[in-house]
Amino acid sequence: MTDDTDHTDARTDTEPPRKTVSVPDTIEMPRLMDFYDLQDADHTRIHEFYDRLRDGSLSTTECRDCGERHFPPRVVCPECTSDNLEYVSLPHDGTLFAFSAVRGSGPVGMDTPFVTGVVDLDGVDIQLSARIDDVDYDDLSIGDPVTLQVVDIDGPTDQDRVFYRFTLRSDTA
């Protein structure tokens with residue numbers, strides 16, 4: 001809550017009145033501003049993706065009819081419109097295809113600056129975007145090897161939630 005106590009400054013006839021409000025030191029984040037999905041079967045049809053990620057496996061859906069793989073996971077194949085999909089595991093390693101630094105304001109709960117990138121997963125024809133953790137923008141190059149990092153989400157729900165990020169692969173340091 002803000003303090004709407006009227007602290008009106010004197011202004012000339014050409015300036016509108018000005019008011020000062022106080023902002024609290026901490027604000028409980030409302031669910032509507034939460035960046036991360038609710039991940040159970042009651043809230044998403046791709047809950048298996050999150051279940052598998054929670055168990056340490058990056059996965060996506062593959063169409064049993066036409067064989068296409070899609071990321072992010074789907075409930076209907078965008079190629080043939082079949083709903084005959086199965087979850088398949090994806091590699092945890094990849095190569096940095098592109099990257100950028102977020103230096104201004106980011107989503108609620110994400111302190112800036114941070115690096116985000118596009119990752120080519122090893123051995124499959126899938127690119128995905130993700131945050132690249134534990135490295136500065138100036139220390140990255142296109143082609144750097146990266147590896148999956150599963151992140152537990154602590155937030156304004158009673159659910160155990162997870163998401164994925166990448167870090168530089170340590171075997172190249």
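This report concerns the structure included in the present document. (Residues numbered from 1 in each chain as written. Predicted model: local features only at pLDDT ≥ 70, side-chain atom pairs only at ≥ 80, totals over all residues. Heavy atoms only, no water.)

Glancing now at the pattern of salt bridges. Under the criterion given, the structure shown has eight salt bridges. For R54, the salt bridge is made with D51, and the minimal N-O distance between the two is 3.1 Å. One end of the pair is R54 and the other is D51, both in helix α1 (residues 47-54) and three residues apart, which spans about a single turn. The partly exposed category is assigned to R54, whose relative accessible area is 31%. E86 is paired through a salt bridge with R64; the nearest N and O atoms lie 3.6 Å apart. Linking E86 in strand β3 (residues 85-89) with R64 in the loop between β1 (59-63) and β2 (69-70), this pair joins segments that are 22 residues apart in sequence. Look at E86 and you get partly exposed, because its relative accessible area is 29%. Sharing partners across several salt bridges, the network here consists of D93, D122 and R169. (Salt bridge = Lys/Arg side-chain N within 4 Å of Asp/Glu carboxyl O. Helix = DSSP H or I, 4+ residues; strand = E, 2+ residues; numbered from the N terminus. Buried < 20%, exposed > 50% of the residue type's maximum accessible area, 1.4 Å probe, protein only.)

Within β1, five of the five residues are buried, which leaves the element mostly enclosed by the surrounding structure. As paired strands, β1 and β3 are joined by five bridges and run antiparallel to one another. Bridging across to β3, E62 finds its partner in E86. Where β1 meets β2, two bridges bridge the pair, whose relative direction is antiparallel. Following the sheet pairing, T61 is matched in β2 by H70. Here β1 folds back onto β2, and the loop between the two strands holds five residues, one of which, G67, carries a positive phi near 85 degrees. (Pairing = 2+ DSSP bridges.)

The next subject is the side chain of D144. Mapped onto the elements of the fold, D144 is located in the loop between β6 (127-133) and β7 (145-153). For the buried D144, which has no salt bridge, the nearest side chain bearing the opposite charge is R169, at an N-O separation of 9.6 Å. A polar contact is formed between the side chain of D144 and the backbone nitrogen of S141, at a distance of 2.8 Å. When sequence neighbours within four positions are dropped, the list of residues in contact with D144 reads G94, T95, L96, D139 and L168. (Lys, Arg positive; Asp, Glu negative; His and termini not counted. Polar contact = N/O pair within 3.5 Å; in protein donor to acceptor, adjacent residues only side chain to side chain. Contact = heavy atoms within 4.5 Å.)

Glancing now at the sheet that holds β6. Pairing between the strands of a sheet comes from backbone hydrogen bonds, and it takes one of two forms, parallel or antiparallel. The five strands lie next to each other as β4-β5-β6-β8-β7, forming a closed barrel whose pairing is mixed. Strand-to-strand twist in this sheet, taken as the mean axis angle between neighbours without regard to direction, amounts to 50 degrees. As judged from the two bridges shared by β6 and strand β8 (residues 161-168), these two strands associate in the parallel manner. Paired with I132 across the bridge in β8 is F166. Seen against the sheet, α1 touches β7 and β8 and runs at an angle of roughly 60 degrees to β8. (Axes fitted to C-alpha atoms, helices over the stretch in contact; angles between N-to-C directions.)

Spatial ordering of the open sheet is given by β2-β1-β3, a layout of three strands whose pairing is antiparallel. Since the sheet does not close on itself, it has two edges, and those belong to β2 and β3, each with one partner. The sheet strands contacting α1 are β1 and β3, and the helix crosses β3 at an angle near 20 degrees.

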